[in-house]
Structures are given as C-alpha cells and as structure tokens.
Amino acid sequence: MSGRYLPGQVISYPYLWSWQHERGETEGRVIAVRGARDGLTHLALLAITTQPPTSDRVGLEVSAIECRRAGLTDLKRCWIVVDEYNYDIAKRSWYIESGGKPLGRFSKAFMMKIAGAFIEARSEGRRVSRLD
C-alpha cells in the first residue's frame, strides 16, 4: 500500500490479539483508523472477526451491506472488536505490503459509529504495538 489510507478502508493485516502477544506470539483482517501529526500515517488497527464478542469484550456487528462495501462478501456475519487494537505506522510497517489494495471501505456513517465505540472502549482497551 502507498501508506495513504482513507477512513474506513479494510486491509489484510496479520492481527495480533493481546493474549497472543502476552504469550510471545508474533502473528495474528482489520480496519485502519488513521491519525497523522508528524507526516506519518499512524494506524489503530481493529480486528474483524467471525466470532461474536464474549461478554467481557466490546464489538460491533457489521451489517450485510457494510460487509459488501468493505469487500467482506465471504463472511456471513462478522464483528469489529473495538476494545483492543494493534498499533503500527504505515510507512515503517513490517506487515503492510507495499502496493497492496484495500479490500473495500465502510461507509462514513458506520465509521462514525465505530469511532465512537472505539473512543469509549479505548480507555480500558488493550494495545499491541507492532513496531518491533
């Protein structure tokens, strides 16, 4: 990928769950939420999973139309986990393939819902830095 992301783009990425990180694992589909203050694209990468969140997790179910927009047509049902995320920098990433294309993109309305849930859950959430 070019390192330039639009809000709501869905990319392939080896997401690493915090429990995997704690066990020393290094490999784990994600949505990129970007922010850039230093000219770089900082990414908070949220996992997209086919498993509903357990009672101790926070996730949003993705509607069928949003799945189609995001290029997730192979999934019957999926959720975005918002209480945990991987952190990476696009240009410096070991995991983002240069020249790769996004699978698709969620709508602005759905992204606003995701962003709100992410901000609310972030204070108690888990972050896994992938800058190693």
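Up top you'll find the structure we're talking about.
What comes next is a walk through the structure. (Residues numbered from 1 in each chain as written. Predicted model: local features only at pLDDT ≥ 70, side-chain atom pairs only at ≥ 80, totals over all residues. Heavy atoms only, no water.)

## Brief notes about the overall build of the protein
To keep it simple, the criterion reads: Put simply, DSSP marks the helices as runs of H or I at least four residues long and the strands as runs of E at least two long, and each gets a number from the N terminus on. Accessibility here uses a 1.4 Å probe with only protein chains present; expressed as a share of the type maximum, an area under 20% marks a residue as buried, one over 50% as exposed, and anything in between as partly exposed. All accessible areas in this document rest on Shrake-Rupley with a 1.4 Å probe, and a residue is counted as covered only by the protein chains that are shown.
Helix and strand counts for the protein stand at three helices and eight strands. Starting at the N terminus, the α and β elements of the protein follow one another as β-α-β-β-β-α-β-β-β-α-β. Within the span of the protein, comprising 132 residues, buried residues form 46% of the whole. Here the protein displays about 7,800 Å² of accessible surface, and carbon together with sulfur accounts for 49% of that area.

## Observations concerning the packing of aromatic side chains
Going by this rule: Stacked, tilted and edge-to-face are the three classes assigned to paired rings of Phe, Tyr and Trp, where Trp is represented by its six-membered ring and a pair needs centres within 6.5 Å; plane angles under 30 degrees give stacked, over 60 edge-to-face, the rest tilted.
Tallied over the entire structure, the rule returns two aromatic pairs. Ring centres of Y85 and F118 lie 5.3 Å apart, and the angle between their planes is 85°; on these two criteria the pair is classed as edge-to-face. Here F118 lies in helix α3 (residues 108-122) and Y85 lies in strand β6 (residues 84-89), a separation of 33 residues in the sequence. Note on F118: relative accessible area 6%, which makes it buried.

## Structural notes on the pattern of salt bridges
Spelled out, the test is: In the sections that follow, a salt bridge refers to a side-chain nitrogen of Lys or Arg positioned within 4 Å of a carboxyl oxygen of Asp or Glu.
The tally for this structure, following the rule as stated, stands at four salt bridges. Put simply, R77 and E61 hold a salt bridge, and the shortest N to O gap is 2.8 Å. With a gap of 16 residues between them, R77 in the loop between α2 (64-69) and β5 (78-81) and E61 in strand β4 (residues 59-62) connect regions that are remote in the sequence. Among the residues examined, R77 registers a relative accessible area of 47% and is labelled partly exposed. For R69, the salt bridge is made with E66, and the minimal N-O distance between the two is 2.6 Å. With R69 and E66 both in helix α2 and three residues apart, this pair spans about one turn of that helix. By relative accessible area, which is 5% here, E66 ends up buried. Where salt bridges share partners, they join R57, D83 and E84 into one cluster.

## Comments concerning the pairing of strand β3 (residues 42-49)
Heads up, the rule is: The pairing criterion is simple: DSSP has to find at least two bridges between the two strands.
Most of β3 is tucked away: eight of the eight residues are buried. Of the pairings in the sheet, the one linking β3 to β6 comprises four bridges and is antiparallel in character. Paired with A44 across the strands is Y87, a residue of β6. As paired elements, β3 and β5 share two bridges and run antiparallel to each other. Across the sheet, the residue bridging to T49 is W79, located in β5.

## With respect to the nonpolar core
In plain terms, the rule: Residues grouped as a nonpolar core are buried Ala, Val, Leu, Ile, Met, Phe, Trp, Tyr and Cys residues, joined through side-chain atoms within 4.5 Å. We call two residues contacting when some pair of their heavy atoms lies within 4.5 Å.
I48, L72, I80, V82, F106 and I114 are the most contacted members of the largest nonpolar core, which totals 24 residues. At the level of secondary structure, the elements contributing two or more residues to this core comprise β3, β4, β5, β6 and α3. Counting residues per element, this core draws most heavily on α3, which supplies six residues. Setting aside residues up to four positions removed in sequence, V82 forms contacts with L46, V58, G59, I114, A117, F118 and A121. Membership of the second largest hydrophobic core comes to seven residues, among which are I11, Y13, L43 and A90.

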